[in-house]
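Each chain, written out:
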Amino acid sequence: MILIVDPVKGGLDNTTKKYVSKYFPNDEFSVLSLEEGPKTIESFTDKTLACSKLLENLDMLKNADAIVINCFADPCLFELRENLNVPIFGAGETTMHVAAMLGEFSVIGPGDNMISWTRIQAREYGVFDKLTSIHKIEFSVDDILEANEKLYNATKDACLKAIDNGADIVVLGCTGFMKIAERLKEEIWEEFQIPVLEPLLVTYSVARSLSLVFRHGKRGLFSGRVEK
């Protein structure tokens, strides 16, 4: 069974489960959030705190067939690969690679640090040459989770800027966008025939397929610590 990990303190389990179940109604999967940890991931400190809590609870993760980290910042992605013997898929890494296969892409997301952070991710994941632009919206992650019309309009405007800048694909750089993603994807496709990738759905789709045929190696990059 695939385990979707919300690496924040409670509150999103039901929303996440309903969203994925709408697209995969016959799938059996679980959603796990932290009992203690950051409320959102909006800084490197939040990311580190979330990872420390996940590493304290490896026993809750190790029996999954695959794990999806439900955050575009990919907290604890490499650390979990190092400590567990199941495939780990980060929403940011997976979605950027899918976007890079489809063409050149832009990323839209929240936070003053979003532009620099996305560049760091794109370099680390080897897709920087496919990244055409990054567009910040003036909302927090909490604002995104509220999913009001003002947020929708700002996000759509950012999509239009990305398309004007030459993006073949638009990537939503926060899994909280799931609440507005369906409408946004439909409208952008109808007007421009440009795909908009929502990272949780993309990553879950990849995980349910690839987890059947591989797991991460335990030599080289992730050889530092292996669970016996």
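Okay, so let's go over this structure. (Residues numbered from 1 in each chain as written. Predicted model: local features only at pLDDT ≥ 70, side-chain atom pairs only at ≥ 80, totals over all residues. Heavy atoms only, no water.)

### Points about the side chain of Glu93
So, point 1. Mapped onto the elements of the fold, Glu93 is located in helix α4 (residues 91-102).
So, point 2. What makes Glu93 buried here is its relative accessible area of 14%.
So, point 3. The residues contacting Glu93, other than those within four sequence positions of it, are Asp74, Leu77, Arg81 and Tyr125. (Helix = DSSP H or I, 4+ residues; strand = E, 2+ residues; numbered from the N terminus. Buried < 20%, exposed > 50% of the residue type's maximum accessible area, 1.4 Å probe, protein only. Contact = heavy atoms within 4.5 Å.)

### Examining the sheet that holds strand β6 (residues 131-137)
Consider a sheet: its strands pair through backbone hydrogen bonds, and that pairing is either parallel or antiparallel.
So, point 1. Reading across the sheet, the 4 strands line up as β6-β5-β7-β8 and stay open at both edges, with parallel pairing between neighbours. Only two strands of the sheet have a single neighbouring strand rather than two, namely β6 and β8 (196-197).
So, point 2. Judged from the 6 bridges that link them, strand β5 (residues 105-110) and β6 form a sheet pairing that is parallel. Considered in β6, the bridge of Gly109 is made with Lys136. (Pairing = 2+ DSSP bridges.)

### So, a nonpolar patch on the surface
So, point 1. Together, Leu210, Leu212, Val213 and Phe214 give the surface a local cluster of nonpolar side chains, amounting to about 410 Å² of exposed area.
So, point 2. According to the relative accessible area criterion, Leu210 is partly exposed, its value standing at 38%. (Patch = residues over 30% accessible without salt bridge, like charges linked within 9 Å, V, L, I, M, F, W, Y side chains within 5 Å. Areas by Shrake-Rupley, 256 points an atom, 1.4 Å probe, with all protein chains shown as cover. Salt bridge = Lys/Arg side-chain N within 4 Å of Asp/Glu carboxyl O.)

Any functional reading would require information that these geometric values do not contain.
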